[in-house]
Every structure is written in structure tokens, then in C-alpha cells.
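Spelled out from the first residue to the last, the chains are:
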Amino acid sequence: MRIFFALLGVGTLALAACQSSNKPTENLEKSFEQARVAEDYTTAVALLTQIATADTASSWALDTLAFYQYFYQVTPGMVRNTKTPLYWVDKALERKPGNAFLLDMKAKLHLEEGKDTQSLAIFTELYQKSQDYTYYWDIAFIETARGNAPMADSMIAEAMKSADIANKTVRLENLQARVREEVPANAAFMYLNALIYNGRGDMMAAAEALQEALKIKPDFYAAQKGIYDLQRAAAQQMPAGR
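Quick notes on the rules
Residues numbered from 1 in each chain as written. Predicted model: local features only at pLDDT ≥ 70, side-chain atom pairs only at ≥ 80, totals over all residues. Heavy atoms only, no water. Pairing = 2+ DSSP bridges. Helix = DSSP H or I, 4+ residues; strand = E, 2+ residues; numbered from the N terminus. Buried < 20%, exposed > 50% of the residue type's maximum accessible area, 1.4 Å probe, protein only. Lys, Arg positive; Asp, Glu negative; His and termini not counted. Salt bridge = Lys/Arg side-chain N within 4 Å of Asp/Glu carboxyl O. Polar contact = N/O pair within 3.5 Å; in protein donor to acceptor, adjacent residues only side chain to side chain. Contact = heavy atoms within 4.5 Å. pLDDT = per-residue confidence, 0-100. Phe/Tyr/Trp six-rings, centres within 6.5 Å; stacked < 30°, edge-to-face > 60°. Lys NZ or Arg CZ within 6 Å of the ring centre and 35° of its normal. Expected span 1.5 Å × (residues − 1). 1 Å grid on protein atoms, 1.4 Å probe; cavity = no way out; pocket = protein on both sides within 12 Å on 5 of 7 lines; lining within 4 Å. Points joined across faces, edges and corners; volume = space filled by probe spheres on them. Nonpolar A, V, L, I, M, F, W, Y, C, P; charged D, E, K, R; others polar.

S.K.: What am I meant to see in the pairing of strand E1 (residues 169-174) here?
M.R.: Regular strands place side chains that alternate from one sheet face to the opposite one. Note: E1 against strand E2 (residues 179-184), six bridges, orientation antiparallel. Across the sheet, valine 170 pairs through a bridge with valine 183, a residue of E2. From the end of E1 to the start of E2, which pair antiparallel, there are four residues, and arginine 178 there has a positive phi angle of about 55 degrees.

Written out as C-alpha cells, the structure is:
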């Protein structure tokens, strides 16, 4: 099972162990902690880069830097250069080959680049090793994005009829909004169904699927945003003067 929410606090945990030392990076680490608390992610990334460069034994800095570059260095509404986050993810993977959290980021960065085949290969391997429904959802999402609706439909139906679906969760994220959430798997797959319906132009079915997902998890951000987007699209299609 990959590290999820814990990574956000990894700097704090690692720094606690470092405070008693006289490492050259100690002041940098203290400054990073301040930037992290202040949510000044640009400064935090700059400091992490210095720490990772100065202290080659500091794997926590590499892991955290890879995550910050991936998750926080995103400008809403703009396509970013994935080369930088991929560089640091690969550097961290040199230390931790096969690390699920790092591989997950690499797969999503490949997807940003339009390299869906490489992304699919990573998620497939992760799912085969862990049976984590998050990776199964990611695979189904890629098939949806590819326009392979029959495959996506089949995967969603298979997941929804699983005997343990109610006990599983899926981790989703929205980089533009800097939202990471863990939701019941059945709600996550209903949301994916809504994406498929919307792609077919069936806004009513998409809205119903999103409402079903929200019944399970009322604060499901992705489903809430989906409803908002559908309402806005419907308003734009309404004839003027009505």
C-alpha cells in the first residue's frame, strides 16, 4: 500500500530526527519547515532542492521534493512542463525502485504527457501487485480517456458487483485545485460512470450518476465539481431570454 496522506508530514517527521544533529542542511531544513507550514510551496521546493543536493543521503528530501514538484508546482489552467517533476521522481526511484507512491506519480505524469500506454503499464503492474482499487480505477479512467468505453464499462461493472466494493476506497486528486481525497470505491466508480455518460452527451444520466456518488459521500469534491460543470454547461446551452 503506497504512502498517501503521510507524505505531507514526512518533512516534519524527518526533521524531528535531524534537529539534534549538526548537518550542514539543518538551517535549510528549518527554513523548509517554516515554508511548509506557511504553505509557501515555491520556497519549499527551492529549499528541498538545496537539501537534496547537499545531503545525498537524505531520501526523505528526494521523496518530498518529487511530491511537491508533482502536486504543488501546477498553475491552474495551464499545461506544465513535466520534465522537472519527472526528473525528481526518477531520482527518488533510483533510491527506492518499485516504490508504489513514486511510480503512481510517474504514471500520472506520463498521462499528462499523453503517454497513456506507459501510464497504463505502470498502473497495471501496481494493481497486479497490490490489488488496490485505486490503480484499477486509474486503468479504467485511462480506457475512458482513450475512448474505449466498452472496456471501461466492463471494468466498472466488474468493480461494482464485487462483494467487497463497500469496504474498498479509491484515492483521487485534482492537481488544479490541489485536492486529494479518499472516497468509497463505489462512489468513485459511479463518478467514472458519469464521465462516460457525459462523453456520450447524456448529461441527464451523468448528473444522476454524480448524485448517486454524492449520496454515498456528500463531500466528494470531484462529484461536486462534476455537478457544477454540468449545471454551467446546461445554462450555456439554454436559449437566450429564457
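S.K.: So what exactly am I meant to see when it comes to the side chain of glutamate 181 here?
M.R.: Mapping glutamate 181 onto the fold places it in strand E2. Nearest to the buried, unbridged glutamate 181 among oppositely charged side chains is lysine 217, at 5.7 Å. A polar contact of 3.1 Å, which involves the side chain of glutamate 181, links it to the backbone nitrogen of alanine 222.

S.K.: Which parts of the structure should I look at to understand the side chain of aspartate 138?
M.R.: Along the chain, the position of aspartate 138 falls in helix H8 (residues 133-145). The charged side chain of aspartate 138 is buried without a salt bridge, its nearest counter-charge being lysine 108 at 4.8 Å. Setting aside anything within four residues of it in sequence, one finds aspartate 138 in contact with Asp104, Lys108 and Phe123.

S.K.: Any chance you could explain the pattern of salt bridges here in plain terms?
M.R.: Close approach of charged atoms allows side chains of opposite charge to pair. Applying the stated criterion to the full structure yields 20 salt bridges. Among the ionic pairs, glutamate 112 bridges to arginine 80, the shortest N-O distance being 2.8 Å. Of this pair, glutamate 112 sits in helix H6 (residues 100-112) while arginine 80 sits in the loop between helix H4 (59-71) and helix H5 (83-95); the two residues are 32 residues apart in sequence, bridging distant segments of the chain. Taking the relative accessible area as the measure of exposure, glutamate 112 reaches 35% and is therefore partly exposed. We classify arginine 80 as buried; its relative accessible area is 15%. Between arginine 146 and glutamate 143 there is a salt bridge, with the nearest N and O atoms lying 3.9 Å from each other.

S.K.: What am I meant to see in the confidence of the model for the protein chain here?
M.R.: Caution applies to low-pLDDT regions: their predicted coordinates should not be interpreted in detail. Per-residue pLDDT for the protein chain averages 88, and the proportion of residues at 70 or more is 88%. When the criterion is pLDDT under 50, residues 1-22 qualifies, and its contacts beyond four places in sequence or with other chains add up to 40 contacts.

S.K.: How should I be thinking about the packing of aromatic side chains in this particular structure?
M.R.: Aromatic ring pairs: the centre-centre distance and the angle between the two ring planes describe each pair. Scanning all chains against the criterion turns up 18 aromatic pairs. The interplanar angle of 90 degrees and the centroid separation of 5.8 Å between the aromatic rings of phenylalanine 67 and tyrosine 72 together place this pair among those described as edge-to-face. Note on phenylalanine 67: relative accessible area 1%, which makes it buried. Where tyrosine 133 meets phenylalanine 189, the ring centres are 6.4 Å apart and the plane angle is 85 degrees; that geometry is what we call edge-to-face. Separated by 56 residues along the polypeptide, tyrosine 133 in helix H8 and phenylalanine 189 in helix H10 (residues 185-199) bring together distant segments of the chain. Classification of tyrosine 133 by relative accessible area gives buried; the value is 11%. Among the aromatic residues, those joined into a cluster by ring pairs are Phe32, Tyr41, Trp60, Phe67, Tyr68, Phe71, Tyr72 and Phe101. Here the basic side chain of arginine 180 rests over the ring of phenylalanine 71, its NZ or CZ set 5.2 Å away from the ring centre.

S.K.: Quick question: what am I supposed to make of helix H11 (residues 203-216) here?
M.R.: Residues separated by three or four positions in an α-helix point in the same direction, a consequence of the helix having 3.6 residues per turn. Across its 14 residues, H11 extends 20 Å between first and last C-alpha, which sits within 8% of the 20 Å expected from 1.5 Å per residue. Listed as buried for H11 are Ala205, Ala206, Ala209, Leu210, Ala213 and Leu214. Those residues of H11 that are buried are in contact with H10 and helix H12 (221-237).

S.K.: How should I be thinking about the layout of surface pockets in this particular structure?
M.R.: A probe matching the size of a water molecule, rolled over the atoms, marks out where space remains unfilled. Taken as a whole, the largest pocket spans an internal volume of roughly 940 Å³. Around the largest pocket, the lining comprises 32 residues; the ones closest to its centre are Phe141, Glu173, Asn174, Leu175 and Tyr191. Those elements giving two or more residues to the lining of the largest pocket turn out to be H6, H8, E1, E2, H10, H11 and H12. Ranked by residues supplied to the lining of the largest pocket, first place goes to H12 with six residues. In terms of residue class, the lining of the largest pocket is made up of 19 nonpolar, four polar and nine charged.

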